[in-house]
Amino acid sequence: MLKTILIHPDPRLKKLCAPVPDLSDRLRDLAQDMLETMYDAPGIGLAAPQVGVLERLIVMDCAKEDDPQPVVMFNPEVLAASDALNTYEEGCLSIPEQFAEVTRPAEVRIGWIDETGTPREKDFDGLWATCVQHEIDHLNGKLFIDHLGAMRRQMITRKSAKLKRERARG
Ligand code: ZN
């Protein structure tokens, strides 16, 4: 089932999300709905707060379209980050049509619980590394524009607010 993606500014996108205590059918269904919503958008990552659920769950797929590699992460954590940095032009499904370059660690080691309840650990680089850090930021109430200067952030927020008003009017 497709979920509605919240558009910035929205107070739910600024909240610290709670850890997932135990995997339940509700959470597994939510993860599947989030993947469906992400592919439909289309996007390469989606965090639970973006669909109004303030819990620590993200989904991603940075693989090529003809070779899908969906990843579901409960309680993802950055365990280690490289000194080497990487800059990507980032966007966000909650800030449509706005893009900006963001610099982050080029490689990160992530720990998480997968959809079967198994603890996992893996190193990510390239677009995957940027994406997983962007999604984990969402769980801490942080958006990619929070990595930018105040002027740029305010400009993008104004544009997003305008787009949100236009969409609300239909
Ligand atoms: Zn985002």
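Residues numbered from 1 in each chain as written. Predicted model: local features only at pLDDT ≥ 70, side-chain atom pairs only at ≥ 80, totals over all residues. Heavy atoms only, no water.

1. A few points about the environment of Gln 50
One can find Gln 50 in the loop between strand 1 (45-47) and strand 2 (57-60). In the structure, Gln 50 is positioned 38 residues away from Arg 12 in sequence and 7.8 Å away in space, judged by C-alpha atoms. In contact with Gln 50, other than residues within four places in its own chain, are Thr 4, Ile 5, Leu 6, Leu 13, Gly 45, Cys 92, Leu 93, Ser 94, Glu 135 and His 138. (Helix = DSSP H or I, 4+ residues; strand = E, 2+ residues; numbered from the N terminus. Contact = heavy atoms within 4.5 Å.)

2. A look at the pattern of salt bridges
This structure, assessed with the given rule, holds 9 salt bridges. A salt bridge links Arg 26 to Glu 55, with the shortest nitrogen-to-oxygen separation between them at 3.1 Å. Taken together, the positions of Arg 26 in helix 1 (residues 25-40) and Glu 55 in the loop between strand 1 and strand 2 put the pair 29 residues apart, joining distant regions of the chain. Take Arg 26: its relative accessible area is 47%, and that puts it in the partly exposed class. Residue Glu 55 is classed as buried on the basis of its relative accessible area of 16%. Residue Glu 90 pairs with Arg 104 through a salt bridge whose shortest N-O separation is 2.7 Å. (Salt bridge = Lys/Arg side-chain N within 4 Å of Asp/Glu carboxyl O. Buried < 20%, exposed > 50% of the residue type's maximum accessible area, 1.4 Å probe, protein only.)

3. A few points about unusual backbone geometry
Omega for the peptide link from His 8 to Pro 9 comes to 0°, which places this bond in the cis form. Structurally, the position occupied by Pro 9 is in the segment before helix 1. At the junction of Ala 41 and Pro 42, the peptide bond is cis and its omega measures out at -10° in the coordinates. By the element assignment, Pro 42 lies in the loop between helix 1 and strand 1. Unusually for a residue other than glycine, Asn 75 sits at a positive phi of about 50°. Summarising the element assignment, Asn 75 is placed in strand 3 (residues 71-81).

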